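Inside the fold
What follows is the residue order along each chain.
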Amino acid sequence: MVDIKIIVCIKQVPGTTEIKINPETNTLVREGIETVINPFDTYAIEEGVRLKEKLAPLLSQTGEEIETIALTMGPPQSGEMLKEAIALGIDKAVLLSDRAFAGADTWATALTLAEAIKKFDDWKLIILGKQTLDGDTGQVGPELAQKLNIPFIGYASSILDINKNRMTIKRLMEDRYETFEIRLPAAISVGKDINIPRVPSLRGKLKAKNEAIPVWDKNYLNLDQSQIGLEGSYTQVIKISMPEHHYEVKMLEGSPDHQVDELYGKLKELNIV
Ligand SMILES: Cc1cc2nc3c(=O)[nH]c(=O)nc-3n(C[C@H](O)[C@H](O)[C@H](O)COP(=O)(O)OP(=O)(O)OC[C@H]3O[C@@H](n4cnc5c(N)ncnc54)[C@H](O)[C@@H]3O)c2cc1C
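Residues numbered from 1 in each chain as written. Predicted model: local features only at pLDDT ≥ 70, side-chain atom pairs only at ≥ 80, totals over all residues. Heavy atoms only, no water.

1. Things to note about the overall build of the protein chain
The criterion, for reference: Runs of H or I in DSSP of at least four residues are treated as helices and runs of E of at least two as strands, each being numbered from the N terminus. In this scheme, a residue with accessible area under 20% of its type's maximum is buried, one over 50% is exposed, and one in between is partly exposed, where area comes from a 1.4 Å probe on protein chains only. Residues are treated as being in contact if the distance between any of their heavy atoms lies within 4.5 Å. Surface exposure here means Shrake-Rupley accessible area, sampled with a 1.4 Å probe, where a residue is shielded only by the protein chains that are shown. Positive charges are assigned to Lys and Arg, negative charges to Asp and Glu, while His and the chain termini are left out of the count. Every charge is mapped to an atom, namely NZ of Lys, CZ of Arg, CG of Asp or CD of Glu.
Counting its secondary structure elements, the protein chain contains six helices and 13 strands. Judged by the C-alpha coordinates and their principal axes, the protein chain covers about 80 × 45 × 40 Å. Counting all 273 residues of the protein chain, 42% fall into the buried class. Within the protein chain, counting contacts between residues at least 6 apart in sequence, those at least 24 apart form 69% of the total. If you sum the accessible surface of the protein chain, you get close to 15700 Å²; carbon and sulfur atoms cover 54% of it. With 32 positive and 40 negative side-chain charges, the protein chain shows a separation of 5 Å between the mean positions of the two kinds.

Spelled out as structure tokens, the structure:
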């Protein structure tokens, strides 16, 4: 019987800058493009695996077990990403997938993740990346914690101490570190300074190959269409466009002094200096 669960929320994002926008729905075209695990989520996966490695021997002394679970809300193909997480050392994974989830903003995404997490018992810690490469809002973590009524610490840079009831955590702010002791269950988001993600092990890859990943849909989560996807979203991306860059090249001529004067004049004209 598993006594403690660590849930790692990960998102599949475009692994290329060649992104296409669906002109009808103004959402990213995710089919047929190269995808990757959101970079910050690879640190979240690593932290989950490390915490299990640290706590499992201690907990086994009292006959308790700990398990890590990767969770994603996404199209069916994001199941492959969950297998990568298992190859990296995560124990189990669940895919939240349903056409009804499409077009979700951060509020609807957080709600769907929260309802899925409530299906697990004994979850103690939720680890997220600090933001995604595509939506890039950093909103899902705090929104998820609010829906589960648990503490949230963003930008965690090291977990100083942890047991099944409390955790001491340090985070980096612009100009200082802050240290918190918080009650579990709780949620944290992590940045690049928390660890160095490992590469998948052969054993991990073999386990991932044979892993059957359960898919939970809107009905399994007892969610109403009005709460999820585009309908359950307070914000809608109405236009995504790539900024246009105008490049104009002008070769400066004459003596170096003359060129410097001309350049300085141009920079002043553009209010750069
Ligand atoms: C270009 C673009 C702009 C967008 N702008 C907005 C916007 O301004 N407001 C808005 O509400 N929505 C926006 N969205 C939609 C938003 O991307 C989705 O709601 C998304 O699922 C969550 O937001 P995020 O990508 O900003 O995640 P963030 O809040 O940046 O993600 C933080 C962490 O939450 C976890 N996480 C995020 N999404 C998932 C998921 N689907 N499954 C599991 N874990 C997850 C990961 O650990 C991630 O590192 C935008 C989408 C795009 C493509």
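That was the structure; now back to the text.
2. So, the site of the ligand
Formally: Residue proximity to a molecule or strand is established when one non-hydrogen atom of the residue lies within 4 Å of it. Under this definition, polar contacts are N or O atom pairs within 3.5 Å; protein pairs additionally need one hydrogen-donor-capable and one acceptor-capable atom, and for neighbouring residues in sequence, both atoms have to be side-chain atoms.
Around the ligand, 28 residues are found, and the nearest of them are C9, D41, T132, T137 and G138. T132 is positioned such that a nitrogen or oxygen atom in its side chain is 2.6 Å from an oxygen atom of the ligand. T235 has a polar side-chain atom sitting 2.9 Å from an oxygen atom of the ligand. Isolated, the ligand exposes 910 Å² of accessible area, and the fraction of that covered by the protein chains is 87%.

3. Remarks on the nonpolar core
The cut-off we apply is this: The definition of a nonpolar core used throughout is a set of buried Ala, Val, Leu, Ile, Met, Phe, Trp, Tyr and Cys residues joined through side-chain atoms within 4.5 Å.
Core analysis: the largest hydrophobic core is formed by 39 residues, its most contacted members being I45, L125, M167 and I188. At seven residues, helix α1 (residues 39-60) tops the list of elements feeding residues into this core. Not counting chain neighbours up to four residues away, the residues in contact with I188 comprise L125, I126, I127, L128, F152, I153, A156, I159, M167 and I169.

4. Remarks on the packing of helix α3 (residues 106-117) against helix α4 (residues 140-148)
Defined as follows: Only the stretch in contact is used when fitting a helix axis, every axis being a line fitted to C-alpha atoms; angles between N-to-C directions are given from 0 to 180 degrees. When an angle is under 35 degrees it counts as roughly parallel; over 145 it counts as roughly antiparallel; between 65 and 115 it counts as roughly perpendicular; any other value is oblique. Should the near helix be turned anticlockwise from the far one by less than a right angle, the crossing is left-handed, and should it be turned clockwise, the crossing is right-handed. Ten residues, namely Ala, Val, Leu, Ile, Met, Phe, Trp, Tyr, Cys and Pro, are considered nonpolar, four, namely Asp, Glu, Lys and Arg, are considered charged, and the remaining ones, Gly among them, are considered polar.
At a minimum axis separation of 8 Å, α3 and α4 run at an interaxial angle of 50°. Judged on the interaxial angle alone, α4 and α3 are oblique. Crossing hand, α3 versus α4: right-handed. Of the residues in α4, those in contact with T106, W107, T109, A110, L111, L113, A114 and I117 of α3 are V140, E143, L144, Q146, K147 and L148. In the contact of α3 with α4, the residues fall into nine nonpolar, three polar and two charged.

5. As for unusual backbone geometry
In this structure, the amide linkage connecting L184 to the following residue, P185, adopts the cis form with an omega of 0°. Relative to the elements of secondary structure, P185 occurs in the loop between β11 (177-183) and β12 (186-190). Even without being glycine, D122 reaches a positive phi, approximately 60°. Positionally, D122 belongs in the loop between α3 and β8 (123-129). Residue classification places D122 among the partly exposed positions, given a relative accessible area of 35%. Within the chain, D136 stands out as a residue other than glycine whose phi angle is a positive 60°. By the element assignment, D136 lies in the loop between β8 and α4.

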